[in-house]
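Inside the fold
Given next are the chains, with one letter for each unit.
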Amino acid sequence: MSPIPPTGSPASAEPRSMSRRSFLRGSTVMAAGVAAIAAGLAPLRKLEDFGSVEEFLRVHYLELKPEQMKEVLARIESGVEKQYGLRPHVRDYRPMNGVEFVYALNLTRCVGCRKCVHACVAENNQSRDPAIEYIRVLKMPNGTFDMEKGDHNYAPESVPEPGFFYMPVQCHQCKNPPCVKVCPVKATWQESDGITVIDYNWCIGCRYCEAACPYFARRFNFSEPSIPKEKLNPNMSYLGNQPRHKGVMEKCHFCIQRTRAGLYPACLEVCPTGARKFGNILDPDSEVSYILKNKRVFVLKEEVGTLPRFFYYFDA
Amino acid sequence: MKTAVRNYAVFLWRSGALVFEGDWRYFAWICTLFAICLVGLNAYSRQLVEGLSTTGMTDQVSWGVYIANFTFLVGVAAAAVMLVIPVYIYRNQELHDLVIFGELLAVAAILMCLAFVTVDLGRPERFWHLIPFIGKFNFPGSMLSWDVIVLNGYLLLNVHICGYLLYCRYQNRKPAKWFYIPFVFTGIFWAVSIHTVTAFLYVGLGGRPFWNSAIVGPRFLASAFTAGPAIIILALQVIRRFSTYRVPDKALLTLRSIVQVSMLINLFLLGNEVFKEFYTDSLHVASARYLFLGLHGHNALVPWIWTAISFNVIAMILLALPLSRSLKWLDVACVLAIIGIWIEKGMGLVVPGFIPSPLGEIVEYLPTWNETAVSLGIWAFGLLCYTFFLRMAVPILQGTLNRSNESPAPASP
Amino acid sequence: MNGENKKTFVLLASAVVFLALGLSFLVTAPSRSPARPPRSTDAALRIDGGPVRISAAQLVKSGGDASVLDCYACHDEKKKPQVPRDAAGRVVLPKDHADLVFSMRNCASCHVTGPPVKLEVDAQGNTIIPKAHASDVQIAHGGNSRNNDCFNCHDPAKLNQLVTRDGTKLKLTDATPLCASCHGPTYRDWEAGIHGRTTGAWDRVSGSALRLDCTSCHDPHAPAFPRMIPLPPPPAPSGAARPTPPAHPSK
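Keep in mind that this is a model prediction, so the values were computed, not measured.

Some points on the overall build of chain C
Of regular secondary structure, chain C possesses 6 helices and 6 strands. Considering chain C as a whole, with its 251 residues, one finds that 29% of them fall into the buried category. Long-range contacts, defined as pairs at least 24 residues apart, comprise 46% of the intrachain contacts of chain C with a sequence gap of at least 6. With an accessible surface of roughly 16,100 Å², chain C has 59% of that area assigned to carbon and sulfur atoms.

Re the overall build of chain A
Within chain A, the secondary structure is distributed over 10 helices and 12 strands. On C-alpha atoms alone, chain A measures out to a radius of gyration of 27 Å, which is more than a quarter above the 20 Å that the 2.2 N^0.38 rule sets for 316 residues. Here the C-alpha coordinates of chain A stretch approximately 100 × 50 × 35 Å along the principal axes. Counting across all 316 residues of chain A, residues that qualify as buried make up 61%. When contacts within chain A are restricted to residue pairs at least 6 apart in sequence, those whose partners lie at least 24 apart make up 66%. As presented, chain A carries roughly 12,200 Å² of accessible surface, and 57% of it is formed by carbon and sulfur atoms.

Re the interface of chain B and chain A
Contacts between chain B and chain A engage 70 residues on the former and 69 residues on the latter. Here chain B packs against chain A, burying approximately 5,800 Å² in sum over the two surfaces, 62% of which is carbon and sulfur. The largest contributions to the chain B side of the interface with chain A come from Arg123, Lys136 and Leu359 of chain B, which together make up 15% of the buried area. Where chain B packs against chain A, one counts 3 salt bridges. Residue glutamate 63 of chain A pairs with lysine 136 of chain B through a salt bridge whose shortest N-O separation is 3.0 Å. Our count for the chain B to chain A interface comes out at 31 residue pairs in polar contact (both at pLDDT 80 or more). Within the residue set of the side of chain B that touches chain A, elements represented by two or more residues are helix H2 (24-50), helix H6 (143-170), helix H7 (177-203), helix H8 (216-242) and helix H13 (369-398) of chain B. The biggest single contributor to the side of chain B that touches chain A is H2 of chain B, with 11 residues. The class makeup of the residues in the side of chain B that touches chain A is 31 nonpolar, 23 polar and 16 charged.

Quick look at a nonpolar patch on the surface
All names here are of chain B. Side chains of Val313, Ile317, Leu321, Leu323, Trp329 and Val332 sit close together on the surface and give an oily, nonpolar patch of about 450 Å² of accessible area. Of all the secondary-structure elements, those providing two or more residues to the nonpolar patch are helix H11 (302-320) and helix H12 (327-350). Positionally, tryptophan 329 belongs in helix H12.

What about the confidence of the model for chain C?
Residue and element names in this part refer to chain C. When the pLDDT values of chain C are averaged, the result is 74; 59% of them are 70 or greater. Per-element confidence in chain C ranges from a low mean pLDDT of 58 for helix H3 (residues 107-110) to a high of 94 for helix H5 (residues 184-192). A low-confidence stretch, residues 33-38 (pLDDT under 50), is modelled with 3 contacts involving residues beyond four sequence positions or located in other chains. Throughout residues 247-251 the model reports pLDDT below 50, and contacts reaching past four residues in sequence, or to other chains, amount to 5 contacts. Reported confidence for the predicted complex is 0.92 by ipTM and 0.89 by pTM.

Structural notes on the interface of chain C and chain A
Each partner contributes residues to the interface: chain C has 57 residues there, and chain A has 70 residues. Counting each side, the surface lost to burial between chain C and chain A is near 5,400 Å², with a carbon and sulfur contribution of 60%. At the junction of chain C with chain A, the criterion picks out 3 salt bridges. Elements supplying a minimum of two residues to the side of chain C that touches chain A: helix H1 (3-27), H5 and strand E5 (198-200) of chain C. Top element by residues in the side of chain C that touches chain A is H1 of chain C. It accounts for 13 residues. Taken together, the residues of the side of chain C that touches chain A sort by class into 29 nonpolar, 14 polar and 14 charged.

Quick notes on unusual backbone geometry
Residue and element names in this part refer to chain A. Residues valine 159 and proline 160 are joined by a peptide bond in cis, for which omega reads 0°. One can find proline 160 in the loop between strand E3 (136-141) and strand E4 (164-169). You will see that lysine 186, though not glycine, has its phi angle at about 55°, which is positive. Along the chain, lysine 186 falls in the loop between helix H6 (178-182) and strand E5 (188-190). Look at lysine 186 and you get partly exposed, because its relative accessible area is 35%.

Things to note about the pairing of E3 of chain A
Residue and element names in this part refer to chain A. Taking burial as the measure, the 6 residues of E3 include 6 buried ones, the bulk of the element. Alternating positions in E3 separate into two faces, Arg136, Leu138 and Met140 on one and Val137, Lys139 and Pro141 on the other, with burial throughout. Taken together, the 6 bridges between E3 and E4 define a ladder with antiparallel strand orientation. Within E4, the position partnered with leucine 138 by the bridge is methionine 167.

Considerations on the packing of aromatic side chains
Tallied over the full model, the rule gives 45 aromatic pairs over all chains. An angle of 55° between the planes, with centres 4.9 Å apart, marks the rings of phenylalanine 11 of chain B and tyrosine 167 of chain B as tilted. One end of the pair, phenylalanine 11 of chain B, is in helix H1 (residues 2-18); the other, tyrosine 167 of chain B, is in helix H6, with 156 residues separating them in the sequence. This pair shows no difference in class: phenylalanine 11 of chain B is buried, exactly as tyrosine 167 of chain B is. Here the aromatic rings of phenylalanine 278 of chain B and phenylalanine 292 of chain B are separated by 6.0 Å at their centres, their planes lie at 75°, and the arrangement is edge-to-face. Here phenylalanine 278 of chain B, found in helix H9 (residues 249-280), pairs with phenylalanine 292 of chain B, found in helix H10 (residues 286-292); they are 14 residues apart in sequence, far enough to count as distant. Residue phenylalanine 278 of chain B is classed as partly exposed on the basis of its relative accessible area of 24%. For phenylalanine 292 of chain B, a relative accessible area of 8% translates into the label buried. Pairwise contacts between aromatic rings join Phe101, Tyr103, Phe145, Phe165, Phe254, Phe278, Phe298, Phe310, Tyr312 and Phe314 of chain A together with Trp202 of chain C into one cluster. Just above the ring of tyrosine 154 of chain A sits the side chain of arginine 114 of chain A; from NZ or CZ to the centre is 3.8 Å.

With respect to the pairing of strand E12 (residues 310-313) of chain A
All names here are of chain A. Going residue by residue along E12, you find Phe310 and Tyr312 tucked away on one face and Phe311 and Tyr313 tucked away on the opposite face as well. Where strand E2 (residues 101-106) lies against E12, 4 bridges are found, and the strand directions are parallel. Within E12, the residue paired with leucine 105 across the bridge is tyrosine 312. Where strand E11 (residues 297-298) and E12 come together, 2 bridges link them in antiparallel fashion.

Some words on the sheet that holds E2 of chain A
Residues and elements named next belong to chain A. What the 4 strands build is an open sheet, ordered E10-E2-E12-E11; its pairing is mixed. Where the open sheet ends on each side, the last strands, each with one partner, are strand E10 (276-280) and E11. Across 5 bridges, the pairing between E2 and E10 is antiparallel. Within E10, the residue paired with phenylalanine 101 across the bridge is asparagine 280.

Focus on the state of the cysteines
Residues and elements named next belong to chain A. Summed over the entire model, instances satisfying the criterion amount to 0 disulfides over all chains. In this structure cysteine 116 is not part of a disulfide, and its nearest cysteine sulfur, from cysteine 113, lies 6.3 Å away. For cysteine 116, a relative accessible area of 10% gives the class buried.

Describing the environment of serine 213 of chain B
All names here are of chain B. Looking at the secondary structure, you find serine 213 in the loop between H7 and H8. The exposure class of serine 213 is buried, given its relative accessible area of 10%. Separated by 60 residues in the primary sequence, serine 213 and glutamate 273 place their C-alpha atoms 9.1 Å from one another. Setting aside anything within four residues of it in sequence, one finds serine 213 in contact with Val203 and Glu273.

Some points on the packing of helix H3 (residues 65-79) of chain B against H7 of chain B
All names here are of chain B. Between H3 and H7, the shortest axis-to-axis distance is 8 Å and the interhelical angle comes to 155°. The orientation of H3 with respect to H7, classified from their angle, is roughly antiparallel. Pair H3 / H7 crosses with left-handed handedness. Contact with H3, carried on its side by Ile67, Phe70, Thr71, Val74, Gly75, Ala77 and Ala78, involves Ala191, Ile194, His195, Thr198, Leu201 and Tyr202 of H7 and no other residues of that element. Split by residue class, the contact of H3 with H7 holds 9 nonpolar, 4 polar and no charged.

So, how was this worked out
Residues numbered from 1 in each chain as written. Chains lettered and ligands numbered in written order. Predicted model: local features only at pLDDT ≥ 70, side-chain atom pairs only at ≥ 80, totals over all residues. Heavy atoms only, no water. Helix = DSSP H or I, 4+ residues; strand = E, 2+ residues; numbered from the N terminus. Buried < 20%, exposed > 50% of the residue type's maximum accessible area, 1.4 Å probe, protein only. Contact = heavy atoms within 4.5 Å. Areas by Shrake-Rupley, 256 points an atom, 1.4 Å probe, with all protein chains shown as cover. Rg over C-alpha atoms; globule rule 2.2 N^0.38 Å. Buried area = accessible area lost by both parts, 1.4 Å probe. Salt bridge = Lys/Arg side-chain N within 4 Å of Asp/Glu carboxyl O. Polar contact = N/O pair within 3.5 Å; in protein donor to acceptor, adjacent residues only side chain to side chain. Nonpolar A, V, L, I, M, F, W, Y, C, P; charged D, E, K, R; others polar. Patch = residues over 30% accessible without salt bridge, like charges linked within 9 Å, V, L, I, M, F, W, Y side chains within 5 Å. pLDDT = per-residue confidence, 0-100. Pairing = 2+ DSSP bridges. Phe/Tyr/Trp six-rings, centres within 6.5 Å; stacked < 30°, edge-to-face > 60°. Lys NZ or Arg CZ within 6 Å of the ring centre and 35° of its normal. Disulfide = S-S within 2.5 Å. Axes fitted to C-alpha atoms, helices over the stretch in contact; angles between N-to-C directions. Parallel < 35°, antiparallel > 145°, perpendicular 65-115°, else oblique. Left-handed = near helix turned anticlockwise from the far one by under 90°.

What follows is the structure, encoded as structure tokens:
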């Protein structure tokens, strides 16, 4: 019954016809197996975007020296030009000194038009298919903050609807960010101006940060993003809106290519009612300083201890 | 030195060659497993090309069947230690060799865990970012970094212990105690740690109230020490059936009592969890409500969890009765326990943590065919590895593969 | 069949299975998920869109097309005026129409000569809008018919200026102090920069921001913002069923 043959080479113990038979059948099945492995791996011929050797070996953003960064930016620009036919301008914006960004949102003024959602998509070169949107607007019934009662998919003929208020949620750039805590390779970290950034070339795509975020702020590229050529925003930054590739995380970064150049983020620019306010909390004369001093602001899920930099308030 | 290397090379060569020897049932088994691996390999190749959109995972449910299997298998690997404790702490010499079978199972399980984590990554070629000092390792902040260390360490520990003991047996040498006993005792603590660290991956997330509970760690260990020894019970019976190795009944009954106690604790902890969720009835109960009762008309997981609980309860009853001293009923209880715990840890833990999403959205999860094929391929790979390990280890332990029957060295050219 | 024959059979059958699998891998190309219909919301969006009211002059200056203005709100359709156009075919606005604000009528822009306008009130004291103006002035400024008297804001003695409650006269283009005289807290917020749209640069050192006054966004006769058509909801998550809206709040 034992399947274990006597040790020692079987060839010497068995008659010659057996050894020829066993050699033939053994090599047949091995050859078939190897052929099947090769066929199984055949889809890999279509693998286009595993990147260049340089991309594979590139170090973390925080370790790139200025000359290396220049080369990397030039390489990204030519890569985008090859793919989209438009040469972008990719910069490495550094945080400004003495600046800590804070966002405030007036829930009385938000009418739920979702213009912010789509302005963000246009500004930040997000994939249109599959569609990625950093901002999620919740339609909440008056009188509760239970998000289970929120409707993400409202599509009435016109907004706002009576009896409801609208609450856009995006990355809060928390002071105590759980996503930064859990990333195993430090692909996401917080910079001195408060923005939590992602090095798209360092992220390994484990999605632990997505599990950790209490605000559903992070998005994963489940497949290669696709942006229509004519919709590409050529004003790009390395940590912000350079086109991403499949298998990496992305999220709202307060329009780093605009805000670190002194401009308002796209969601604020387009908001028709002026519900969104943004600025430097370290400047006592800024709009957000006024709001935090004078309005009854609150944050979402304060008990989780994330210390968000995104404040909501009701006005009138 | 040269002879030592040569001897070791001969040992490896001879053990490796054994893998290609066997009767028709052995080949039927490994060829079937290989075919399943092929399907899995092809499915994974598609996933590499298209991205994780070939799976059923979404931004709302971003971990699925890969991580569920990973979680279950870390528990199985940790449970190998359950054989170590009676042998080394209680000095039960009869079971001595069986420790090797348990640790070989742990090695196979850890290889499966590493495979499941790798296929779950969006950019697997960037694994080098995880290597300390070469990449950027977020230790001690990220529990995933702890997991990388403890899993790889456990793998090395077990490979060393098994490899050394088997090689010594092959060489007819008494193993040097200092070279393996400290590792064995380290392995006991390390086994507990691998599963606790994996539990902490989930526990530390404040944004997921379903996971953010201190009981998750103990539940992990209790279920691991139920399912793991149950698998070992079945594996030992397979060894009994397909080789001449004599597995004493005492081993099976010792393991049975471990599974008995662990299952009791497992169900007790489940009861604790259910009470806390449903008696309190706060907003945080949404995920538990989704799992056990369905939420707002979404109830895909309800039949699964109740099946799992009934399997576990039946297994516990069977194990408590003297009836299960008979191998037939013991096997039934083990199979029920393994399936029940697989469901409980997989669909019963990973998926409900994501439903509802942190913003209250309910998006259900269903694995795709491609995802299932990759998972089955990895299971087949793990079983194939374990088959090969046993195929090499049993003759060594029996003495049929030994330096004494090495063919004489060929005449020098 | 003896053991060796069975083994041969198993191995050769396995070889056949492997080759068949290999063939199936080659034949079935990686299937692409069905293309989702493109979402054309970008067209609905301009980065500086929004219900900002601008005067005809601002409209023309910013390159907008003045043909959206309804000339026949004042001019007799039967006696069509000569509409001057530029080389590109766009309407060129006559200089004396520069202060016409889209959808807002300046009484004096038409009632230049003739007797002062006498408004009629009905039994409840509400102003009756003259039939000729029924289409271009809708009074919806506050509930309880609060502002149904035109002369709450307009100066009855001089129709091309405004007057506050305490008698201060204001130009039509400088309505802000008049609005502030009732809407104090809003005015305070507006002065601090947190009421209303501000676009441009948050960093006033390196750049400038555009701040608008009250009537640039609010129609003084019907200041509430018109309802908007919302842009489409988020995409259904790939591979999963579309999430259903929540049950009515019952808990």
